[in-house]
Amino acid sequence: MTSQFDPFASANTSSASQNGSTTAASNAAAGGNKNNNNNYSNPFDVFGFTSSVNQNNNGVAATTGAGGGGMASIMNPFQQFASTQQNTQQQPTLNNTLTAANNSSSVSLTSSNASKNNINNNNNAATRYKRVVPYNGPIADLQSNWDPWLYSAYQNNVDNINTNVNMTYLIVKTNSSCIVRGGVETVLKWMKVNRHNTNNATGGARMMDDLSMNLESSMSLEESDHQFDYDSTNINNNNNSMNNDITTANSTGDNRKFGKLFKSGLKKAQASISHSVTNLAIKADGGKNPDLICASLHYLGGGSNREVAHQRMMDAIGSGSGVNDVCLSKTDWIPLPSHTVNNYDDGKEKEVTFSVPLCVPDLSFLESGDNNATQLTVRLYLRSGAKFLAAAIKKEYCIGECTLMYSQILGSNDGSESDVKGEYRTMNLSFTNGMLADPSTYSSSSNYNTESHPPTLHLVALPRIKFNPSCRLGWSLTDPTPMPPSSAAALRWLNMFQLPLDQAYSYPLLEGSTPATDGAAGGRIILANECARESTVTLPIATACSKLFSDAAMQSQQRASMIAAKSRRRESVRSYAIPSDMDANRANAIVDMALKDGCMEVNMGVVAFVLLGDHQSSSIGGIHNLTSGAERVPSIRMSMTFQRHDSIFEQRLTSGSVPLEGIAALGRLFELEPHLQQATANEGNRVPVLVPAIDANTGNRVGTIVLTLQVRAQMNGVPSSHPSSVLPPASSGLVSVVGLDTLMEDLALTPNLDSDLPAPNSQQHSSSAPAVEMRRRQVATMGSFLTPRYLQNQADGVRSNVTSALCDRYDKYYNSIKSGLSTDIVIEDDSDIELYQRRSPRPFRPSNSRGDELLAGIGFNVHCQGLSIDALQNGKVTLAAVHYSITHGAPADHAAGFGGVQGLDEGVDSGSASSGTSGGLRRLEMKRLEFAKELDDSISGLIRSVGDHFKARAQVATARQQAGVKMSRHIPPGIPAITHYRNKAIECAQKLNSLTWNIAVRRANCFSQALGIAVTSYLASLSDGSHASKGFAHVWPRHGYLITFEGLLSAVGKELGMIEDAAVAVQMLRKVSIVLLPDDGNVSSSSNGVGSQRIPVPHSPHLKWVHLVNLGSHSKSQYRLEIGLCPSYYQNRVPDSLKNGIAVRLFPVLFQMGVDIRQWGVNAGRNVSNQIKDKSKGGGLTTSDSFGDVQNLSDSNGGLIDDGDEDGDEVGIADNEIGFQLNVDGFRKLNAYAHSVKPTVAGSTEASSPLPVFDSSEQMQVQNLPPHPLLVPLSDSIRASAGKMEHSVLDHAAASCQNLGGGSTVFCKSGKDRTGMQVTFKEAQFIQRFIDRKDSVSGDDIFAKATTMRIHGNRVPICEKNAGEAKYAFNPLQAQFMPAMLKPPPITTQWKKPET
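Predicted model, so just to flag it, every value in this text is computed and none were measured.

Draft legend 1. View of the environment of L872. Within the secondary structure layout, L872 lies in strand β21 (residues 863-873). Separated by 348 residues in sequence, L872 and R524 place their C-alpha atoms 7.4 Å apart.

Next up, the structure:
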């Protein structure tokens, strides 16, 4: 079998040194200042000698090549070999760096005095960014990832950004000869021997320079978990300053000698202590922990005019001091192999490939004209892995360095950038300094062969891709367009989006691996490019949802206003009753208020009572001293009740003394409204009214009561009767649009704000159950169950406020979109505000804006996290695989909170409500069912009481009916049972209405967030190399697009509410069907029969607009989302199965597993803090060993589990069942989908299998299917997860979704910390699957890859985008309780609570 192609083998060893020669004259010019010797940075004097460069008295380097003389006699064969390879140029002078630039004036591009107030000012904005960002520690941050690109953008060099060649990756690989056997212990021995030899040979020549001294003495005896935060460059600069100060202070006479002696003694003491402690630690460790190795890239100087180059570099990095040795980049620290056999035990010698490439910035600005010799050096460092040293002494040993020219990296001799897109260059560099320049001096092994095994660095140079080209693996359909080539357009782009975050990783492959697709040949190295980009569709989707929901809310508000106005004209308002003893002024004020509210003041007077025929006074209700005719008596006691035309219940209006005492037993119902209209028409004049008088005992008419009516009304804009007005249909209101039934449809309660109720017995509503229809008819006779005050508050308060907020949201979202398309639209400039504190509508919404109501419709911290794998082979970069995950914060209504719904406990007449009603949507909707049951019980009790009343009255009225007396069908007020049930029913109806409205608003906000996330996932799956290109697109129209949401929230407190919100929001996505259409140039759509506005998608190369419409009503509501595509893209790249208006319905599934200390507490069923303290006291938890006293930890840091991601939410309602319930439900849905897409029944195919059943809304009886073979591991994990923190549930769910062609999203509370741990773990699994070529992978390799990504990758900068600090919001105690595969590296965590 032929061996696999090795990209490193293609380079000639001499290639690294044949391009970029310097002349002796240029070196002489570079060394013109002989007094500047103390300012150079050579890390190899620590080893006792400088092997390849010798200084003459003039400070000029003498060459050591052929005929070099001088030092040539002590050069070992490896040094001579390296020198021979560079015989066409002088070895770069490391120890002569001019500092004349320090004395010249410098105008730094990052001056602290630069204005930060106006990012649109190119001159000021450019000063905010560095052209070159020096290495400042291993943790990735926004400055190093963004600054060079932003600098180019604000310097009108946008073309430079779009070419993707202004930064370069160097993959670094060592051969086996670079592996120092014995590691640091061998280095220490070598140092001791070579110091002695050098002192004897040179007569006490200087052994250390400034940098070397710092490497020797850079130890700290303080406890620290930060194992990787050593920065030799910064320490070097600080110590240079210190040494220069000492030298200056002691520049004359004995003082100068004393200064030198002091410095020398200090160095020796530090070195002696360091060596002793290191040796003891290494022996104590006993080789349990391997030593670590890394590579670094440094700028040394450049070209024929070093002074100019140094000045330019100082400007580029924003430094006012010298740039003698600028560390530009470092790889990761990886374990030093302990044997010559490689990791795969195939008998071959080991090599080291660093996972994190070196990043070479754009240094072309240093090379102009003849100045094309910018010098760089790559160094190798060792560090002890002994446990004590890793925690206490941060010490690195430089064991060798190689020099190369910047022009070599670019692939040209003249410094011009050659076209290397899709290609790479290889270079083999020999060591010219350090112990690796002569391995024979530290090893007697015969394995080292001068001719075949010199220590060598293999480098692969390829461009760093910040903006993936369109329609290429690793590019997503939701990616924004790379910055336009004009400055103005680029600034608009930057006002809408943040730059992508990217990082690459390199990994070797097994022999025989075939990483490339489509039959391409395999390679030995893969490059995994990780990129996190903002989605172009989140803001347009949120805008479309805001438009849909604001229109619906407006309909609901108008309907409520009309119902409230009608109710005011029909109902009595008892709160305006005026007692007889009330002060006249106060009574008049109440009357005026009632008139303004739409009431009428009715004055009624009794003029006379006329008896009929020969009725005697003794026969009329006990009235005495009356004779026939019109007789008058002093006074009577009289009460007046109000009776609606559609209700059997009378309502008491007033009572009092009037003339004609004695007719209390008389009564008569009459229609008041016609008389009121007549009285109103007479403009306040009294109108006579004749009312028949009926004997209450016999039911016979005994006479006539003569009344007068006087009516006074003050409408003041209150709507009149509107006899021709038609209520807006409730089916277009907000409650209906978000998919809710009112739960009062079968009760026929009136008035109904949010449903259109047909009249009982109508053809529109015919119940199959006679009992139900009878019940509806009975309730229809009982009048209104919503009071006028409640209706008015709903119309003018609650619903009006929501409508205004949604309309304002839509306006601001839409203006923000338009501002990205045109300069005519101007929005608030927030560029002077820190990114994580901005609150303007943008595609990226920081996680600490959760409480902002305006942004509640936008999913926050949404990123399309892509990982593309490139195989380096045959001189080409071949794209081989791609993986997408959408990361985001929990789709929940954080602005509304989770502490309680307002408007349920403020009385029967309140319009707004809390009654212990708190939590997220899932809990609120369960509470709504309880209210509906309570209302149903109250209505049943009311019907029973009314029936009992009529039965009792029927028993005593039989004789009257036999005498021809006509009985009243109305019920007087004051009957206790009826009053109790009616008041209870009114209270329950108002609570149910209020809660339904609150849930509708909450649904709208959560759905808007979830839809933007789901559409981002769907479009990513349509992108090149993803599921659509693998043949799954033909499955989606029939079975739906599968999307899994992987939740990492804990089921307690606020996060429990977020789980409940997310569960309902994800379920609502089932109502969405997505249709892809070619753009026809129209700004509106008529697909729903009515023209409606399309929402443009700014700065997208292929997405033009989105359009969302609602179909159906209430629980049958559906959404049709149309997405307009560029016609050419639609025609050429959209699969045929998704064209011609074919709709794809979403099939969303949620899996949830808490992974932090709170979930541990929920599972244990006790308060988290108490458990930790109890276990630490009892020895069950070793917190004191790692973190000190638990009580002190709590007191000093604000709580054991207080961090920036939790908002102090330690205590709250817990639910240790919800996670298991959601996972069981998610498995049932996923299992149904798997059986439908990949049927297991013999003879069944995907096209003929039954469609998957989502829930009971689609099929009453959901079939229980056996676990699909693909889902057996998931089924087992869910079974084992009851009451446990079982992370494998999410792991298996994600793998199953991938196998079924679905998309996946990952979320926690903020979408940055736990989400970062999970998505890096998934990416590490994907890479390992690619390397091993199998589906099931596990082991330490995955965790090592995930750890590298968590330190060097995109997730820490995402934390900085959201919280302003490049750290994960975990403390060490929290990390201890997380699953092993999700534990963060200690260097990346923090103790302080940030703004998040």
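Back to the text.
Draft legend 2. Examining the pattern of salt bridges more closely. Going through the model one piece at a time under the given rule, you end up with 32 salt bridges. Among the salt bridges present, the one from K1322 reaches E1046, with a minimum N-O distance of 2.9 Å. With a gap of 276 residues between them, K1322 in helix α34 (residues 1314-1332) and E1046 in strand β23 (residues 1041-1047) connect regions that are remote in the sequence. The class for K1322 is buried, based on a relative accessible area of 6%. Across the pair D1225 and R1228 runs a salt bridge, and its minimum N-O distance is 3.4 Å. Of this pair, D1225 and R1228 both sit in helix α31 (residues 1218-1237), three residues apart, which is roughly one turn of the helix. The exposure class of D1225 is partly exposed, given its relative accessible area of 31%.

Draft legend 3. Structural context of the sheet that holds strand β29 (residues 1118-1125). Strand order in the open sheet formed by 11 strands is β13-β14-β21-β22-β31-β23-β30-β24-β29-β28-β27, and the pairing between neighbours is mixed. Since the sheet does not close on itself, it has two edges, and those belong to β13 (501-508) and β27 (1095-1096), each with one partner. Bridge count for strand β22 (residues 876-889) against strand β31 (residues 1303-1308) is four bridges, and the pairing is parallel. Residue pairing for β31: H888 is matched across the bridge by F1307.

Draft legend 4. Structural context of the packing of aromatic side chains. With the rule as written, the count across this model stands at 13 aromatic pairs. Geometrically, the ring pair formed by F549 and F1007 is edge-to-face, given 6.3 Å between the ring centres and 70° between the ring planes. Each member of the pair F549 and F1007 is classed as buried. Ring centres of Y810 and Y814 lie 5.8 Å apart, and the angle between their planes is 20°; on these two criteria the pair is classed as stacked. Here Y810 and its partner Y814 are both found in helix α20 (residues 788-819), four residues apart, which amounts to about one turn of the helix. Pair check on accessibility: Y810 and Y814 agree, each one buried. Among the aromatic side chains, those forming a connected cluster through ring pairs are F467, W493 and F497. Between the NZ or CZ atom of R1094 and the centre of the ring of W1105, over which it lies, the distance is 3.7 Å. Here K1345 stacks its cationic end above the ring of Y507, 4.8 Å away from the centre of that ring.

Draft legend 5. Molecular detail of the side chain of N1362. For N1362, the location among the structural elements is in helix α36 (residues 1355-1363). The class of N1362 is buried, set by a relative accessible area of 0%. Of the polar contacts made by the side chain of N1362, one reaches the backbone oxygen of I1358; its length is 2.7 Å.

About the criteria used
- Residues numbered from 1 in each chain as written.
- Predicted model: local features only at pLDDT ≥ 70, side-chain atom pairs only at ≥ 80, totals over all residues.
- Heavy atoms only, no water.
- Helix = DSSP H or I, 4+ residues; strand = E, 2+ residues; numbered from the N terminus.
- Salt bridge = Lys/Arg side-chain N within 4 Å of Asp/Glu carboxyl O.
- Buried < 20%, exposed > 50% of the residue type's maximum accessible area, 1.4 Å probe, protein only.
- Pairing = 2+ DSSP bridges.
- Phe/Tyr/Trp six-rings, centres within 6.5 Å; stacked < 30°, edge-to-face > 60°.
- Lys NZ or Arg CZ within 6 Å of the ring centre and 35° of its normal.
- Polar contact = N/O pair within 3.5 Å; in protein donor to acceptor, adjacent residues only side chain to side chain.

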